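Here are the chains, one letter per residue:
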Amino acid sequence: MSDAKQIKSYEQWHDDDMTFHRRSKLFFSQCNPNRTIKTSQLMTLCSDSAIEDYFFRGLTWDFLAAHGVAILTSRASYKVHQVPKANEEVLIHTWEEKPQGLQLRRRYEIVNEKNEPLISGLSTWLVADVNTHRIIKPSLFTLRPEPTVFTEPDCPDCGKITFDVPLLPLEDRRVRLSDIDSNGHVNNTRYGDYIDDCLPPELRLVPIKTIKINYSKEAMLDQVLSIFGNFDKNDVSAVVAGESRSFKISAKVNGETCFEAVIGY
């Protein structure tokens with residue numbers, strides 16, 4: 001055993017402030033041909049950390065469902081300070097913040113082994129009745145103490161996306177079984193793959209600077225998503241935010257918007 005390499009332990013824990021910490025590693029399958037993290041896997045790191053935070057507090061999927069509650073991702077935004085790379089070990093910090101309106105609010109910070117920032121993120125979530133899908137006010141979601149902290153994130157605003165340019169048809173994509181999660185619809189992180197698959201050739205391996213996504217209507221098995229997009233080489237809003245180019249994308253199911261996203265480069 002003297003020649004064996006030290007075995008790494010990827011711990012998960014809460015601190016006294018109930019910030020959840022999670023060590024992880026970027027594996028080969030999570031990365032693109034550039035050996036950097038895929039869009040969907042960036043989103044998965046954050047989403048899974050949020051779920052694990054609740055899991056460690058006893059708020060498992062089964063527990064929530066037994067109490068008639070489902071928690072659904074509504075919006076998310078991310079800023080990439082440094083692109084995480086294959087085999088890189090990372091530490092994810094996440095915590096809940098004071099709700100805004102009907103939406104729960106959550107922050108993310110991902111750093112490398114040197115504690116250098118990699119990703120800053122913000123997401124909002126809706127609490128819904130598991131049977132009727134009606135939205136439940138955050139004040140009525142009493143299965144855990146309501147957080148009171150509020151901080152300004154180092155990432156784009158997590159607000160509603162609006163488009164000021166026409167979006168052109170890109171492709172129709174059928175929802176497959178592998179897209180579906182335990183809530184019975186397309187998992188929110190899978191849309192990261194949908195986005196990457198629709199990128200024009202000149203953007204496929206360009207490092208992303210920002211991601212902003214809104215989720216609207218859930219997509220179900222065997223439904224067909226009509227995907228639209230626009231590559232803007234001189235987006236004024238992107239320039240203001242520090243990017244020079246942006247890719248805008250929207251998908252509809254039976255004519256109703258499923259998700260919308262803006263990717264900045």
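Just above, that's the structure.
So, a few notes on the structure that sits alongside this text. All values derive from a computational prediction rather than experimental measurement. Per chain, residues are indexed from 1 in the order of the written sequence. Confidence filtering applies because this is a predicted model: local features only for residues at pLDDT of at least 70, side-chain atom pairs given and counted only at 80 or more, and all residues used for totals across whole chains, interfaces and linings. Note that water and hydrogens are dropped before the side-chain values are worked out from all heavy atoms of the structure.

1. Considering the overall build of the protein chain
Then, number 1: To qualify as a helix, a DSSP run of H or I must reach at least 4 residues; to qualify as a strand, a run of E must reach at least 2; elements of each kind are numbered from the N terminus. Scanning the protein chain from terminus to terminus reveals four helices and twelve strands.
Then, number 2: Computation of the radius of gyration draws on C-alpha atoms, with the globule rule given as 2.2 Å multiplied by the number of residues to the power 0.38. The globule rule puts the C-alpha radius of gyration for 265 residues at 18 Å, and the 19 Å found for the protein chain is close to it.
Then, number 3: Accessible area is worked out with a 1.4 Å probe on protein chains only. A residue is then buried under 20% of its type maximum, exposed over 50%, and partly exposed in between. For the protein chain, buried positions account for 48% of its 265 residues.
Then, number 4: When checking whether two residues touch, look at their non-hydrogen atoms; a contact exists if any pair is within 4.5 Å. Here the contacts in the protein chain between residues at least 6 apart in sequence split such that 70% fall between residues at least 24 apart.
Then, number 5: With residues, only the protein chains shown are counted as cover, and all accessible areas are computed by Shrake-Rupley using a 1.4 Å probe. For the protein chain, the exposed surface amounts to about 13900 Å²; the carbon and sulfur share of it is 51%.
Then, number 6: For the charge count, each Lys or Arg is scored as positive and each Asp or Glu as negative, with His and the chain ends excluded. Taken as the charge centre is NZ of Lys, CZ of Arg, CG of Asp or CD of Glu, depending on the residue. Across the protein chain, 32 positive and 37 negative side-chain charges occur, with their mean positions spaced 3 Å apart.

2. So, the pairing of strand S3 (residues 69–80)
Then, number 1: Within S3, nine of the twelve residues are buried, which leaves it mostly tucked inside the rest of the structure.
Then, number 2: Pairing geometry for S3 and strand S6 (residues 117–129), over eleven bridges, is antiparallel. Across the sheet, Ala-76 pairs through a bridge with Ser-123, a residue of S6.
Then, number 3: Here, a strand pair is defined by DSSP locating no fewer than two bridges between the strands. Looking at chain direction, S3 and strand S9 (residues 210–215) are connected through five bridges and run antiparallel. Across the sheet, Ser-77 pairs through a bridge with Lys-212, a residue of S9.

3. Digging into the environment of Glu-97
Then, number 1: Counting through the fold element by element, Glu-97 comes out in strand S4 (residues 89–100).
Then, number 2: Taking the C-alpha atoms as reference, Glu-97 lies 33 Å from Phe-28; in sequence the two are 69 residues apart.
Then, number 3: Excluding its chain neighbours within four sequence positions, the residues that come into contact with Glu-97 are Arg-105, Arg-107, Pro-147, Val-149, Phe-150 and Thr-151.
Then, number 4: Of the polar contacts made by the side chain of Glu-97, one reaches the side chain of Thr-151; its length is 2.4 Å. Counted as a polar contact is a pair of N or O atoms within 3.5 Å, where, for protein atoms, one must be capable of donating a hydrogen and the other of accepting one, and residues adjacent in sequence contribute only when both atoms are in side chains.

4. Regarding the side chain of Ser-74
Then, number 1: Position of Ser-74 among the secondary structure elements: in strand S3.
Then, number 2: When its relative accessible area of 8% is taken as the criterion, Ser-74 is described as buried.
Then, number 3: A polar contact of 2.8 Å, which involves the side chain of Ser-74, links it to the side chain of Gln-103.
Then, number 4: Setting aside anything within four residues of it in sequence, one finds Ser-74 in contact with Gln-103, Thr-124, Trp-125, Leu-126, Asn-214 and Tyr-215.

5. Considerations on unusual backbone geometry
Then, number 1: Backbone geometry at Met-18 places phi at a positive 65°, although glycine is not the residue there.
Then, number 2: Secondary-structure assignment places Met-18 in the loop between strand S1 (12–14) and strand S2 (20–25).
Then, number 3: In this structure, Arg-35 is a non-glycine residue whose phi angle is positive, near 65°.
Then, number 4: Turning to its location among the elements, Arg-35 is positioned in the loop between S2 and helix H1 (39–56).

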